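# Tertiary structure, described
In case you want the letters, here they are:
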Amino acid sequence: MNNAPHILVIDDELQIQRAIRTILTEKGFKVTTASRGEEGLTLAAMNEPDIIILDLGLPDMDGVEVCTRLREWTLCPIIILSVRDSERDKVAALDKGADDYLTKPFGIEELLARVRVALRHSTNRQGMQSKVIHAGLLMIDLAWHIVKCGDEEIKLTATEYKLLAYLAANHGRVLTHQNILTNVWDPADANHTEYLRVYMRQLRKKLEVNPERPQFILTEPGVGYRFIADE
Amino acid sequence: MTMRGSTFISRSSQYLLAIGFIALVTAILFSLREALDTTLVALLYLIPLGLITAYWGLGPGITSALVTFLTFNYFFIEPYYTFAVHRSTDIVILIIFLIVAIVISQLVGRMRSGLAAATAHEREATQLYELSTALAGLQDGLTIAKILAKQVQDVSQGETVELNITGTQSFAFRLPESKQITRPPEWVVPIQVVRGILGEIRLWRAAPALTSSEKRLLQTFANQGALALERARLAQAESRARVLEESDRLKSAILSSVSHELRTPLSTIKAAASSLRGNDVNWDSAARPELIAAIDDEADHLNMLVGNLLDMSRIESGVLKPKREWNILSEIVGSVLARMKHLAEEHRIEVDMPESLPLIPVDYVQMEQVFTNLVSNSVKYAPEKSMIRMRAFVDGDSIHAVVSNQGPQVPQEHLERIFDKFFRITAADQVTGTGLGLSICRGIIEAHGGRLWAENIPDGLAFNFTLPLLWEGVSPPKLPMDTETE
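Remember, predicted model here, so these are calculated numbers, not experimental data.

### A closer look at the pairing of strand β7 (residues 138-141) of chain A
Residues and elements named next belong to chain A. Burial along β7 is one-sided: Leu138 and Ile140 are buried, and none of Met139 and Asp141, which face the opposite way, are. Here four bridges tie strand β6 (residues 132-135) to β7, and the two strands are oriented antiparallel to one another. Bridge pairing in β7 links Ala135 to Leu138. In this structure, the hairpin formed by β6 and β7 is closed by a connection of two residues, where Gly136 is found at a positive phi of approximately 60 degrees.

### Quick word on the sheet that holds strand β8 (residues 146-149) of chain A
Spatial ordering of the open sheet is given by β6-β7-β8-β9 (chain A), a layout of four strands whose pairing is antiparallel. Looking at the sheet topology across the chains shown, the edges are occupied by β6 and β9 (152-153) of chain A.

### A word on the interface of chain B and chain A
Between chain B and chain A, the contact holds 26 residues from the first and 23 residues from the second. Of all the secondary structure elements, the ones that give two or more residues to the side of chain B that touches chain A are α7 (287-316), β5 (325-327), α8 (329-339) and α9 (364-381) of chain B. With six residues, the top contributor of residues to the side of chain B that touches chain A is α8 of chain B. Along the lines of polarity and charge, the residues of the side of chain B that touches chain A split into twelve nonpolar, eight polar and six charged.

### Side note on the environment of Gln17 of chain A
Mapped onto the secondary structure, Gln17 of chain A falls in helix α1 (residues 14-26). Classification of Gln17 of chain A by C-beta neighbours within 10 Å gives partly exposed; the count is 19.

### Section: the pairing of strand β8 (residues 387-395) of chain B
Residues and elements named next belong to chain B. Bridging between strand β6 (residues 348-352) and β8 involves five bridges; their strand directions are parallel. Counted as the bridge partner of Glu350 is Arg389 from β8. Summarising the sheet, β8 and strand β9 (residues 398-405) pair through seven bridges and their orientation is antiparallel. When the bridges of β9 are listed, Arg391 appears paired with Val402. Counting the residues that bridge the hairpin from β8 to β9 gives two residues, and of these Gly396 lies at a positive phi of roughly 65 degrees.

### What to know about the sheet that holds β6 of chain B
Residues and elements named next belong to chain B. Spatial strand order, β6-β8-β9-β11-β10: five strands in an open sheet with mixed pairing. Single-partner strands in this sheet number two, and they are β6 and β10 (451-457). Averaged over all pairs of adjacent strands, the angle between strand axes in this sheet comes to 15 degrees, irrespective of strand direction. Of the strands in this sheet, β8, β9 and β11 (460-468) are in contact with α9, which crosses β9 at around 20 degrees.

### Section: the packing of helix α2 (residues 38-56) of chain B against helix α4 (residues 88-135) of chain B
Residue and element names in this part refer to chain B. In contact at an axis separation of 9 Å, α2 and α4 are set at 20 degrees when each is read in the N-to-C sense. It follows from the interaxial angle that α2 and α4 lie roughly parallel. Crossing of α2 over α4 shows right-handed handedness. Of the residues in α4, those in contact with Thr38, Thr39, Ala42, Leu46, Leu49, Gly50, Thr53 and Ala54 of α2 are Asp90, Ile93, Phe97, Val100, Ala101, Ile104, Ser105, Val108, Gly109 and Arg112. Taken together, the residues that form the contact of α2 with α4 break down as ten nonpolar, six polar and two charged.

### What to know about the environment of Arg324 of chain B
All names here are of chain B. Tracing the backbone shows Arg324 in the loop between α7 and β5. Note on Arg324: 15 C-beta atoms within 10 Å, which makes it partly exposed. C-alpha of Arg324 to C-alpha of Pro361: the two residues are 37 residues apart in sequence and 5.4 Å apart in space. Residues within four places of Arg324 in sequence aside, it is in contact with Pro361, Val362, Asp363 and Trp471.

Conventions we followed
- Per chain, residues are indexed from 1 in the order of the written sequence.
- Just so you know, chain letters begin at A and ligand numbers begin at 1, following the order they were written in.
- Where totals are concerned, whole chains, interfaces and linings use all residues; where local detail is concerned, this predicted model gives features only for residues with pLDDT of at least 70, and gives and counts side-chain atom pairs only at 80 or more.
- Comment: burial labels come from other C-beta atoms within 10 Å of the residue's own C-beta, placed from the backbone, where a count of 20 or more is buried, 12 or fewer is exposed, and between is partly exposed.
- Comment: elements are numbered from the N terminus, with helices defined as DSSP H or I runs of at least four residues and strands as E runs of at least two.
- When DSSP finds two or more bridges between a pair of strands, those strands are recorded as paired.
- Note that contacts rest on C-beta atoms placed from the backbone: two residues are in contact if these are within 7 Å.
- Residue classes follow a fixed rule: Ala, Val, Leu, Ile, Met, Phe, Trp, Tyr, Cys and Pro count as nonpolar, while Asp, Glu, Lys and Arg count as charged, and any other residue, Gly among them, counts as polar.
- Note on method: axes are straight lines fitted to C-alpha atoms, helices fitted across the in-contact stretch only, with angles between N-to-C directions ranging 0 to 180 degrees.
- These descriptions rest on fixed angle ranges, namely under 35 degrees for roughly parallel, over 145 for roughly antiparallel, 65 to 115 for roughly perpendicular, and the rest for oblique.
- Crossings are assigned a handedness: left-handed for a near helix turned anticlockwise from the far helix by less than a right angle, right-handed for a clockwise turn.

Written out as structure tokens, the structure is:
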């Protein structure tokens, strides 16, 4: 049990705490809970958890602030919980270093999927990043810059490839518009979401079976994009 | 100073003219002296006197009467060229002449000033009439103030007129606007209503000083203005009260809808959860997954209801501000359809949104909401296996989108009303939902500067909406795409 991943849940709603703790414990995780931002920061420093689940609406501190303070010293994956219609806060927290988000109310499969992705990326940070990513029939070789669908190679332009490689390297994670624009284009282009819209359409046309109902490149409304690869 | 100077000149020139006229008449009579009798001369002298008083007023009239008395005595009563009188009849003639001359002057003068006063009164009445006509029916305080200031300026011929309105909507208004004036105003009239003082009219007019009748007129103007301002305020208060009443009505409608709509999914959840908990259902029973699915579905339904209520209250309070970005309409539709997959699998869905459509400046999340609501409305009413069609095309400066279904048509008189809150054609207990979906759509489309309407089509119902393509006057960007492959 000692090797079980440790998850810290910071949420002031006791019902949510209870539900998450019950389910995650059942799935073999070690769970610690905190109801306030300060308490959460202290527990994070003491226990060095593997994942932090952080609610944005805390009574004592702004969730975005908690995110910023955590990022001053730890790379531990942070999954934020927020309510609908707070895209602005979500995006702010993601841009301040949170890794992913869940909108309340959420299904437990969603929570477990986010936790799995977060764990994988924290392993990748330790230098074990996979160089070949599979998604359905798609194969993306990040080392050799090759994209294939089955046996057929897909021709991408330089920007399209750069965009796809960035998404694929972060597969499973939500990437905000600003994050993608800054990394694939240039920090100066961080507000040009129209670039993203147009290039995403091009990419989907080349990669997706049905570009209107994408399976691999998903839009996260008001937030960004997420690339779904095979686990 | 010029005005006072010019009236002074015209006043003294009236006297000079009167005396000149008398001199002329005296010269004519003098040349005929031998042929005329003294009494006849006296009678003839009365004619110019009457004329002078009638034209130039009492002052010149009396003056000329005295001058005439002297010239008459000097030139026409023997002994000539002295003021001495020898004959007693001549003395009587002279005295009678003087009395008649003064009485005529008095009478004609009084008539004349009566006429002038009547004219002045008529002018005042006309000005007041014009003011109250101009103010009639105005609802806006600023417009009222402008008209009032302009009329005061017209009537008083002042250098500057300033209107200060205090209170909640305070403002100052000055005519002519560019003029800067440093000295205190010559005359200040309060604008007063029952509740107190609304403001004041300040008038700068150094000369001529305001007469009492002008002051009276300005006070009347101020009173008229006060009445108009008060009326505007009351009208505003009334419309505010109507808005409050409307929102109160909405709130109670929401409450009754909420209690009905929220209780339905809650009952399902409660029943399913408690029967699972109470071991009423065997572990391997087929009912088990069904109950669990019911809890899950109804929880989603509850979530949607709460979301709708939130959206509606946001639209109602006017805080729904679209966060615009250049978006691709088909991408929005795509993510809506992906999310509604299980809802829409009973229907065939056809999307016709050509790639050539320009980018549109909309809030992604809000437009998703619009398509979600329109599609779920279609799913709810249109028969299974029927077609739901979504298409869009460019129409001038806007994009025109259509979501059509093969569901029942809506009676012509209800086509507009289906966008009203809580309006339903069918009884509320036959369909689920808050009755808010379509009015949320309309709220969002209107916040984007577009228009949403419904129309009956040969085999069903179509929702149409337009969205402007220009964003702050800028047309959709066309991006340079790189075409070289790696």
